[in-house]
Amino acid sequence: MEDETKNLISLIALLLSSLGYSYVSATYMTKGLTRVLFLLPTFYLLAIFPWYFTSSLVRGVLSFFITWIASFKLLLFCFYKGPLLASRNFLEFVAVAIFPLKIQENTHPSSPVMVARYELVTLFNKPYLATSLQDFWGRRWNRLSSNILRQTIYDPTQNVLVGFVGAGKARVLAMVTTLVISGVMHELMFYYISCGTRPTWEVTWFFVLQGISMAFEGALKYLARVKGWTPVHPTVSNVLTLAFVSSTFSWFLVLPVWRSGRNDCGFRPKILPFREYIDHSKPFQLL
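The rules behind these values
Here the residue index of a chain counts from 1 through its sequence in written order. With the structure being a predicted model, the display of local features is reserved for residues of pLDDT at least 70 and the display and counting of side-chain atom pairs for 80 or more, all residues being used for whole-chain, interface and lining totals. Computation of side-chain values covers all heavy atoms of the structure but excludes hydrogens and water. Helix numbering and strand numbering both begin at the N terminus, where a helix is a DSSP run of H or I of at least 4 residues and a strand a DSSP run of E of at least 2. Relative accessibility thresholds used throughout: buried, under 20% of the residue-type maximum; exposed, over 50%; partly exposed, between the two (1.4 Å probe, protein chains only). Only heavy atoms enter the contact rule, under which two residues are in contact if any of them lie within 4.5 Å. Whenever a nitrogen or oxygen atom comes within 3.5 Å of another N or O atom, the pair is scored as a polar contact, on the condition that within protein one atom can donate a hydrogen and the other can accept it, and that pairs from neighbouring residues in sequence are kept only if both atoms are in side chains. How far a helix is expected to stretch is found by multiplying one less than its residue total by 1.5 Å. What we call the bend at a residue is the angle made by axes fitted to the seven residues finishing there and the seven residues starting there. We define a nonpolar core as any set of buried Ala, Val, Leu, Ile, Met, Phe, Trp, Tyr and Cys residues linked to one another through side-chain atoms lying within 4.5 Å. Residue-level confidence of the predictor is what pLDDT reports, using numbers from 0 through 100.

### Concerning the environment of E187
Here is step 1 of the chain: Among the secondary structure elements, E187 is positioned in helix α8 (residues 167–193).
Here is step 2 of the chain: For E187, a relative accessible area of 5% puts it in the buried group.
Here is step 3 of the chain: Look past the residues within four positions of E187 in its chain and what remains in contact with it is P199, T200, W201, E202, V203 and T204.
Here is step 4 of the chain: Among the polar contacts made by the side chain of E187, one reaches the main-chain amide nitrogen of T204 at a distance of 2.9 Å.

Okay, here's the thing in structure tokens:
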């Protein structure tokens, strides 16, 4: 127990040190690819961080908040975008990078001084009321990842493509691309949860299917408007949306985890060097 506590403290210190390096480096490096290159050690640490914990649940949570969300926030920060820009000191930088927080700057009515207000990001906005796939994924389900993906994938992709294929096609292609990247990141999370079991890519295909279905849904809505068809009742749309999402979720996401049957990877959360503490009898594959 004492060794595990020391290892946990060492891991937290290493994480804070890497974020400190990122925070300080940003003041000396120009935004863009130069800053990304200098932050590669931090991105690497965030990628391997969950492997130091044996619990599948803990690794799943850390892979989402640390490996995925924090990395994408840092990526935005490299290009002088995203929520980390509102950080006025290192403690705020760490808090916003790791936790689902945002800082809202509000000017007091009687004073020009800016007052920072911390606010938890709303993860879910009543997804059971969704009346379409676009409503479910775009406005109601996991708002944290949706916002990050919009800033890092959707907006840049749409801006690049709009001059080549037009606004309408650019939106569709950007949406599908975003869902594909989301699928890859979820596949990575399941890779951590299943102790490094070789990916089946079912998780990725789930999000690819959602993206294609959303494009098809949008095309149907456009056709309905052109033809003057009577809109589907919201209750029917709600039932159909939830039925599609839940059935595909069960098939592509629940079954892979169920088949893996892994709750513990069997190696201890030692600090460094990493490879010395891996139980090679388990199907762990970092590379």
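### Notes on helix α4 (residues 56–78)
Here is step 1 of the chain: For α4, spanning 23 residues, the distance from its first C-alpha to its last is 31 Å, which sits close to the expected 33 Å at 1.5 Å a residue.
Here is step 2 of the chain: Roughly 35° is the biggest bend found in α4, and it falls at S63.
Here is step 3 of the chain: Burial analysis of α4 places 18 of its 23 residues in the buried class, which makes it a mostly covered element.
Here is step 4 of the chain: Two or three places before L57, at the opening of α4, S55 has a side-chain oxygen 3.3 Å from that residue's backbone nitrogen.
Here is step 5 of the chain: Immediately downstream of α4, the backbone of Y80 shows phi near 60°, a positive value.

### Points about the nonpolar core
Across soluble globular proteins, you tend to see nonpolar side chains buried next to one another.
Here is step 1 of the chain: Counting residues in each nonpolar core, the largest one holds 29 residues, and the members touching the most others are L15, L19, F49, I66, L74 and L84.
Here is step 2 of the chain: Elements that contribute at least two residues to this core include exactly α1 (2–25), α3 (40–48), α4, α5 (90–98) and α8.
Here is step 3 of the chain: Considering every element that reaches this core, the biggest residue donor is α4, with 6 residues.
Here is step 4 of the chain: Excluding residues within four positions of it along the chain, L74 makes contact with L19, S22, L39, T42, F43, L46, L84 and F93.
Here is step 5 of the chain: Within the second largest apolar cluster, 14 residues are counted, among which are W137, F206, F207 and L253.

### Points about the confidence of the model for the chain
Here is step 1 of the chain: Across the chain, the average pLDDT comes to 83, with 83% of residues at 70 or higher.
Here is step 2 of the chain: With pLDDT under 50 throughout, residues 268–287 is counted as low confidence; its partners more than four residues away or in other chains account for 47 contacts.

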